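Chain by chain, the residues:
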Amino acid sequence: MKTHTEYLVFNTEEKIQFVRITERIEEAVEKSGVKDGMVLVNPMHITAAVIVNDNEGGLIQDYIANLQKLVPYDAEYNHNVGEDNAAAHIWRQLMAHQVVLPITDGKLDFGPWEQVFYCEFDGGRRKRVLVKVIGE
Amino acid sequence: MKTHTEYLVFNTEEKIQFVRITERIEEAVEKSGVKDGMVLVNPMHITAAVIVNDNEGGLIQDYIANLQKLVPYDAEYNHNVGEDNAAAHIWRQLMAHQVVLPITDGKLDFGPWEQVFYCEFDGGRRKRVLVKVIGE
Amino acid sequence: MKTHTEYLVFNTEEKIQFVRITERIEEAVEKSGVKDGMVLVNPMHITAAVIVNDNEGGLIQDYIANLQKLVPYDAEYNHNVGEDNAAAHIWRQLMAHQVVLPITDGKLDFGPWEQVFYCEFDGGRRKRVLVKVIGE
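Note that the structure is a prediction, hence the values are computed from the model and not measured.

A.B. asks: Is there a simple way to explain the interface of chain A and chain B in this structure?
C.D. replies: Accessible area lost when the parts come together is the quantity often used to give the size of an interface. Each partner contributes to the interface: chain A provides 36 residues, whereas chain B provides 32 residues. One can count one salt bridge joining chain A with chain B. The partner of lysine 132 of chain B in a salt bridge is aspartate 36 of chain A, with the nearest N and O atoms 2.9 Å apart. Elements supplying a minimum of two residues to the side of chain A that touches chain B: strand 3 (37–43), strand 4 (48–53), helix 2 (57–70), strand 5 (99–104) and strand 8 (127–135) of chain A. Grouping the constituent residues of the side of chain A that touches chain B by class yields 19 nonpolar, nine polar and eight charged.

Laid out in structure tokens, this is it:
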């Protein structure tokens, strides 16, 4: 059994921003030498999510608009005492926060449209995403 | 360490449909020979989800009605230029899109009511679900 | 490759309650002897979730208030024939139901604010959460 760990660092310019990271995960898988297994991609901060979805700009706008509609960023929250990011904590759960991706023949075993995104919901600060590969 | 990979194919008659797949996952686990480990069940398309929940028809209706209430399928979306499935992309995130299931003594280590479902949100097309077993 | 399995039991006093379980997961990881790998934390019941988020009481109130706003517990549901917990089934999906956590150097590989919570949405009954560690 092999394992491999990497930490990706993000410091987005926008408060709310989607960053496509498929190639960075592919590189980690290649470095790991794992031919068959899984890779966990997990934000180490709780106002961000990692998701798999379509690389289409209109859809990314739709995601953000619908999160904003369901849980408005500027509404009143108990958490927002000296903070303003309560909605970011909630959004990251609604977006399902983390992914585990399959590796087959040394590559991400993806369908034609699967792309990995880091979803920043409280940017302008340094954030890390852990990539953990296990397999053989 | 052992691994085993299968691809389940779905082509539902309905646009929106839940398909129970517990036995198909159990069969993949049995074929794998893994006695202790995990199985990842991951849609390879981004308008579908795999979930664990109750096999009760009323509840499935409730899931769909509430997704429809929160993010209506026929509302206006930026993504829907030549497409009509933006809501399906969003629904699959709200439903948490994928599962990782525990294997103990060669079987899914489930509570009494846990059942695995493929949730199709844009059906009538060929879709694949990847099943990846790892363990020993 | 090593594996280790534990079953945590919950019987909350409140119908809806968040229970912090970070230390219990850390203890399971330590017992496993796994230095590098992953731990799956999975409710064995379908009206509960396990999440990673901030240990801040105001935020927990915000989570519950927003779930209640999006999918009211006391609304009418098809599932609620002799039951009253349809919303709990839906909430657990919106909260993303389960986590897979990274293990490095024999410990949870967490950022500064990551804490594990069991989220009970239909309490006062015995519930189990499975903890499955794999790695080496």
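A.B. asks: Honestly, the interface of chain C and chain A in this entry has me stumped. Any pointers?
C.D. replies: In this complex, chain C contributes 36 residues to the contact, which on the side of chain A involves 32 residues. Of the roughly 2,700 Å² buried at the junction of chain C and chain A (both faces included), carbon and sulfur atoms supply 59%. At the boundary of chain C and chain A, one finds one salt bridge. Applying the counting rule to chain C against chain A returns 16 residue pairs in polar contact (both at pLDDT 80 or more). Among the elements of the structure, strand 3 (37–43), strand 4 (48–53), helix 2 (57–70), strand 5 (99–104) and strand 8 (127–135) of chain C are those that each provide at least two residues to the side of chain C that touches chain A. Of the residues forming the side of chain C that touches chain A, the biggest block, eight residues, is contributed by helix 2 of chain C. Of the residues that constitute the side of chain C that touches chain A, the class distribution is 19 nonpolar, nine polar and eight charged.

A.B. asks: Even after reading the chapter, I still don't get the pattern of salt bridges, so can you show me in this structure?
C.D. replies: Oppositely charged side chains can form a pair if their charged atoms are brought close together. Under the counting rule described, the total for this entry stands at 21 salt bridges over all chains. Between glutamate 120 of chain A and lysine 127 of chain A there is a salt bridge, with its nearest N and O atoms 2.8 Å apart. Its relative accessible area of 1% is what places lysine 127 of chain A among the buried residues. We note a salt bridge from lysine 31 of chain C to glutamate 6 of chain C, for which the minimum N-O separation is 3.1 Å. Note that lysine 31 of chain C is positioned in helix 1 (residues 22–32) and glutamate 6 of chain C in strand 1 (residues 2–10), a separation of 25 residues in sequence. Through salt bridges with shared partners, a single ionic network connects Lys15, Asp84, Asp122 and Arg125 of chain A.

A.B. asks: Help me understand the pairing of strand 4 of chain A, please; the structure alone is not making it clear to me.
C.D. replies: Moving residue by residue along a regular strand, the side chains alternate between the two faces of the sheet. Residue and element names in this part refer to chain A. Here strand 4 lies mainly inside the structure; six of its six residues are buried. Every second residue of strand 4 is oriented toward a common face, with Ala48, Val50 and Val52 on one face and Ala49, Ile51 and Asn53 on the other, all of them buried. Summarising the sheet, strand 4 and strand 7 (residues 115–120) pair through six bridges and their orientation is antiparallel. Looking across to strand 7, one finds that valine 52 is bridged to valine 116.

A.B. asks: Teacher, can you tell me more about helix 1 of chain C here?
C.D. replies: Every α-helix winds through 3.6 residues per turn, so residues three or four apart in the chain are directed the same way. Residues and elements named next belong to chain C. Of all the positions in helix 1, only Thr22, Ile25, Ala28, Val29 and Ser32 are classed as buried. All buried residues of helix 1 lie within an arc of 125 degrees about the axis, which places them on one face of the element. Of the exposed residues in helix 1, the ones pointing more than 90 degrees away from its buried face are Glu30 and Lys31. Note on helix 1: the residue one or two positions beyond its end, glycine 33, has a positive phi of about 75 degrees.

A.B. asks: Is there a simple way to think about the relation of the copies chain C and chain A in this case?
C.D. replies: Two chain copies here: they are related by a rotation about an axis and a translation along the same axis. You can overlay chain C on chain A at an RMSD of 0.0 Å; the transform is a turn of 120 degrees with a shift of 0.0 Å along its axis. When the rotation and shift are considered jointly, the pair of chain copies conforms to a three-fold rotation axis.

A.B. asks: It is not clear to me how the side chain of asparagine 42 of chain C should be interpreted in this structure. Could you clarify?
C.D. replies: With respect to the helices and strands, asparagine 42 of chain C occurs in strand 3. A polar side-chain atom of asparagine 42 of chain C sits 2.8 Å from a polar atom in the side chain of glutamine 98 of chain C. If we skip the residues at most four places from it in the chain, asparagine 42 of chain C touches Pro102 and Glu114 of chain B together with His97, Gln98, Val129 and Leu130 of chain C.

A.B. asks: How should I be thinking about the packing of helix 3 (residues 86–94) of chain A against helix 2 of chain C in this particular structure?
C.D. replies: The axes of two packed helices give the description: the angle between them and the distance between them. Two elements in contact, helix 3 of chain A and helix 2 of chain C, have axes whose closest approach is 10 Å; the angle formed by their N-to-C orientations is 55 degrees. One way to sum up the angle between helix 3 of chain A and helix 2 of chain C is to call them oblique. The hand of the helix 3 of chain A/helix 2 of chain C crossing is right-handed. Between helix 3 of chain A, through Ala86, His89, Ile90 and Gln93 of chain A, and helix 2 of chain C, the contact on the second element is made entirely by Leu59, Asp62, Tyr63 and Asn66 of chain C. Residues that form the contact of helix 3 of chain A with helix 2 of chain C fall into these classes: four nonpolar, three polar and one charged.

A.B. asks: Just checking my understanding: could you explain the environment of valine 116 of chain B for this structure?
C.D. replies: Residues and elements named next belong to chain B. Relative to the helices and strands, valine 116 resides in strand 7 (residues 115–120). For valine 116, a relative accessible area of 0% puts it in the buried group. Sequence separation between valine 116 and methionine 95 is 21 residues; the distance between their C-alpha atoms is 13 Å. Setting aside its immediate chain neighbours within four residues, valine 116 contacts Val19, Arg20, Ile21, Thr22, Ile25, Val50, Ile51, Val52, Leu101 and Phe110.

A.B. asks: Looking at this structure, I do not really get empty space enclosed by the protein. What am I missing?
C.D. replies: A probe matching the size of a water molecule, rolled over the atoms, marks out where space remains unfilled. Applying the stated criterion to the full structure yields three cavities of 30 Å³ or more. As a volume, the largest cavity reaches approximately 120 Å³. Together, 13 residues line the largest cavity, and Ala96 and Gln98 of chain A, Ala96 and Gln98 of chain B together with Gln98 of chain C are the ones closest to its centre. Looking at the lining of the largest cavity residue by residue, the classes come out as seven nonpolar, six polar and no charged. The computed volume of the second largest cavity comes to approximately 40 Å³. Ile90 and Leu94 of chain A together with Tyr63, Asn66, Leu67, Leu70 and Met95 of chain C are the residues that line the second largest cavity. Examining the composition of the lining of the second largest cavity, we find that four residues originate from one element, helix 2 of chain C, more than from any other.

Reading guide: rules and limits
Residues numbered from 1 in each chain as written. Chains lettered and ligands numbered in written order. Predicted model: local features only at pLDDT ≥ 70, side-chain atom pairs only at ≥ 80, totals over all residues. Heavy atoms only, no water. Contact = heavy atoms within 4.5 Å. Salt bridge = Lys/Arg side-chain N within 4 Å of Asp/Glu carboxyl O. Helix = DSSP H or I, 4+ residues; strand = E, 2+ residues; numbered from the N terminus. Nonpolar A, V, L, I, M, F, W, Y, C, P; charged D, E, K, R; others polar. Buried area = accessible area lost by both parts, 1.4 Å probe. Polar contact = N/O pair within 3.5 Å; in protein donor to acceptor, adjacent residues only side chain to side chain. Buried < 20%, exposed > 50% of the residue type's maximum accessible area, 1.4 Å probe, protein only. Pairing = 2+ DSSP bridges. Arc of directions from axis to C-beta. Least-squares fit on C-alpha atoms with pLDDT ≥ 70 in both. Axes fitted to C-alpha atoms, helices over the stretch in contact; angles between N-to-C directions. Parallel < 35°, antiparallel > 145°, perpendicular 65-115°, else oblique. Left-handed = near helix turned anticlockwise from the far one by under 90°. 1 Å grid on protein atoms, 1.4 Å probe; cavity = no way out; pocket = protein on both sides within 12 Å on 5 of 7 lines; lining within 4 Å. Points joined across faces, edges and corners; volume = space filled by probe spheres on them.

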